[in-house]
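Below, each chain spelled out in residue letters.
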Amino acid sequence: MGIEEYGGGQGPQADVLVVTTNDVPGYRVRKVVGEVFGLTVRSRHLGSQIGAGLKSMIGGELKGLTKTLVQTRNQAMERLIEQARARGANAVLAFRFDVTEAADTGTEVCAYGTAVVIDRE
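Conventions used here
Residues numbered from 1 in each chain as written. Predicted model: local features only at pLDDT ≥ 70, side-chain atom pairs only at ≥ 80, totals over all residues. Heavy atoms only, no water. Helix = DSSP H or I, 4+ residues; strand = E, 2+ residues; numbered from the N terminus. Buried < 20%, exposed > 50% of the residue type's maximum accessible area, 1.4 Å probe, protein only. Contact = heavy atoms within 4.5 Å. Areas by Shrake-Rupley, 256 points an atom, 1.4 Å probe, with all protein chains shown as cover. Phe/Tyr/Trp six-rings, centres within 6.5 Å; stacked < 30°, edge-to-face > 60°. Lys NZ or Arg CZ within 6 Å of the ring centre and 35° of its normal.

Help me understand the overall build of the chain in this model?
From N to C terminus, the chain includes two helices and four strands. A burial count over the chain gives 31% of its 121 residues as buried. Put simply, of all contacts in the chain between residues at least 6 apart along the chain, 76% involve residues at least 24 apart. Put simply, the chain shows about 7,600 Å² of open surface, and 52% of that area lies on carbon and sulfur atoms.

How should I be thinking about the packing of aromatic side chains in this particular structure?
Aromatic rings considered in pairs are described by the distance between their centres and by the relative angle of their planes. All told, the structure shown has one aromatic pair when counted by the stated rule. Considering the side-chain rings of Phe95 and Phe97, the 5.0 Å spacing of their centres and the 75° angle between planes classify their relative orientation as edge-to-face. On the accessibility criterion, Phe97 (28% relative accessible area) is partly exposed. Across the ring face of Phe97, the terminal group of Arg73 is positioned such that the distance to the ring centre comes to 4.6 Å.

Just checking my understanding: could you explain the environment of Glu82 for this structure?
Along the chain, Glu82 falls in helix α2 (residues 63–86). On the basis of relative accessibility, which here comes to 48%, the residue Glu82 falls in the partly exposed class. In this structure, the C-alpha to C-alpha distance between Glu82 and Val36, residues 46 residues apart in sequence, is 9.4 Å.

What follows is the structure, encoded as structure tokens:
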């Protein structure tokens, strides 16, 4: 897995800006649309669970799990952006991820933030 596969986030031409901050320098919030979120739950296939179990005994990175979590976070973020766009927002402020185990069958990832309409100052 190359380094490009470990990341996420937006490309330079994103139509909905997503930031972890409460404001964007050079912009003002014209309208607060409200909370938006993107949710997904993923399970891993049996082969990778067995491999992760064996790897955890000897130590080291669980690359299969890392790849699954990256894909899951990216999917949750995409869903958040789709919801913000559908509600007329062009930005999401205070973006965060919440990750929990879902009944020992998978990993739940929720991306959330505040959808807003921003304008250049």
